[in-house]
Amino acid sequence: MDRKIGSALVLIVLGLIIIAFPVLGVIPFGVLTGLAVLFLGVGLIAAGLTTLDDSRGMGVVELTLGVLAIILGIGFIFNPSLFSFVAAVFVFIAGLFLIISGIVSLSARVGGNIWTGLITIILGIVYLLVAIFIANPFYLGLLIGLWLLITGIMMLFQK
């Protein structure tokens, strides 16, 4: 039980620090994601070089994706704004998919009732609004800080 309280307190303190300095919360996520994408790029380049003999087209595709992944990974590591922008793009696309899914659900009467489609559309609109804000590293950092704070508080009250 003591370990759980310690973890909760660490999350609360980190959440408060990141809320005070929001961009500080984006940097670790950007660096970790950048390193992962960088390693992915190196792996794709290695796979592309070995595939060139068997399938020239697939090898070129893997090499191209590898170079793009390395560029993106380096960008994530050194530019928190790029990480925030890409995160916003993915959230925006998810919002569009939710809205389209809700419209299809309403028009096809899939799911049994009208509320499923309406809630999906509303959630999609919320995603679009959130995407607009998290394109700025400041707001993405605030969301990360709030998430850490709320998670820590919830951990304190769990049995």
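The rules we used
Residues numbered from 1 in each chain as written. Predicted model: local features only at pLDDT ≥ 70, side-chain atom pairs only at ≥ 80, totals over all residues. Heavy atoms only, no water. Helix = DSSP H or I, 4+ residues; strand = E, 2+ residues; numbered from the N terminus. Buried < 20%, exposed > 50% of the residue type's maximum accessible area, 1.4 Å probe, protein only. Areas by Shrake-Rupley, 256 points an atom, 1.4 Å probe, with all protein chains shown as cover. Lys, Arg positive; Asp, Glu negative; His and termini not counted. Charge placed at Lys NZ, Arg CZ, Asp CG, Glu CD. Axes fitted to C-alpha atoms, helices over the stretch in contact; angles between N-to-C directions. Parallel < 35°, antiparallel > 145°, perpendicular 65-115°, else oblique. Contact = heavy atoms within 4.5 Å. Nonpolar A, V, L, I, M, F, W, Y, C, P; charged D, E, K, R; others polar. Core = buried A, V, L, I, M, F, W, Y, C linked by side-chain atoms within 4.5 Å. Phe/Tyr/Trp six-rings, centres within 6.5 Å; stacked < 30°, edge-to-face > 60°. pLDDT = per-residue confidence, 0-100. Expected span 1.5 Å × (residues − 1). Arc of directions from axis to C-beta.

Caption draft 1: Geometry of the overall build of the protein chain. Counting its secondary structure elements, the protein chain contains 6 helices and 0 strands. Each helix (α) and strand (β) of the protein chain, taken in turn from the N terminus, gives the series α-α-α-α-α-α. Referenced to the eigenvectors of the C-alpha coordinate spread, the extents of the protein chain come out at roughly 60 × 50 × 30 Å. The proportion of buried residues among the 159 residues of the protein chain is 28%. Here the protein chain displays about 10,100 Å² of accessible surface, and carbon together with sulfur accounts for 80% of that area. Within the protein chain, the 4 negative side-chain charges are centred at a point lying 25 Å from the centre of the 5 positive side-chain charges.

Caption draft 2: Summary view of the packing of helix H2 (residues 22-51) against helix H4 (residues 80-108). Interaxial distance between H2 and H4 falls to 9 Å at its minimum, and their mutual angle equals 80°. Here H2 is positioned roughly perpendicular relative to H4, judged by the angle of their axes. From H2, Val-26, Ile-27, Phe-29, Gly-30 and Thr-33 reach across to H4, where they touch Pro-80, Phe-83 and Ser-84. Tallied by class, residues from the contact of H2 with H4 come to 5 nonpolar, 3 polar and no charged.

Caption draft 3: Looking closely at the nonpolar core. Core analysis: the largest hydrophobic core is formed by 13 residues, its most contacted members being Val-26, Phe-76, Phe-83, Leu-140, Ile-144 and Leu-148. Of all the secondary structure elements, the ones that give two or more residues to this core are helix H1 (2-20), H2, helix H3 (56-78), H4 and helix H6 (137-157). Setting aside chain neighbours within four positions, we find Ile-144 in contact with Ile-18, Gly-25, Val-26 and Phe-29.

Caption draft 4: Main features of the packing of aromatic side chains. For the coordinates displayed, the defined rule picks out 3 aromatic pairs. Plain terms: the ring middles of Phe-76 and Phe-83 are 5.6 Å apart, the flat faces sit at 90° to each other, and that makes the pair edge-to-face. Each ring, one from Phe-138 and one from Tyr-139, has its centre 5.3 Å from the other, and the planes form 85°; the classification is edge-to-face. Here Tyr-139 falls in the partly exposed class, since its relative accessible area comes to 35%. Members of the aromatic cluster, each reached through a chain of ring pairs, are Phe-133, Phe-138 and Tyr-139.

Caption draft 5: Expanded view of the confidence of the model for the protein chain. Per-residue confidence for the protein chain gives a mean pLDDT of 90, with 97% of residues at or over 70. H1 is the least confidently modelled element of the protein chain, averaging 90 in pLDDT, while H3 averages 94, the highest of any element.

Caption draft 6: Looking closely at the environment of Asn-79. Assignment of secondary structure puts Asn-79 in the loop between H3 and H4. Measuring from C-alpha to C-alpha, the distance between Asn-79 and Val-31 comes to 8.9 Å, with 48 residues separating the pair along the chain.

Caption draft 7: Looking closely at helix H5 (residues 114-134). If you check H5, its first and last C-alpha atoms are 31 Å apart, about what 21 residues at 1.5 Å a residue would give, namely 30 Å. If you follow the buried residues of H5, they end up packed against H4 and H6.

Caption draft 8: Structural view of H1. In this model H1 runs 27 Å from its N-terminal to its C-terminal C-alpha over 19 residues, within 8% of the 27 Å that 1.5 Å per residue would give. Of all the residues in H1, the buried ones are Ala-8, Leu-11, Ile-12, Gly-15 and Ile-18. Take H1 and look down its axis: the buried residues cluster within an arc of 135°, on one side only. Exposed side chains of H1 directed beyond 90 degrees from the buried face belong to Asp-2 and Arg-3. Its buried side turned inward, H1 meets H2 and H6.

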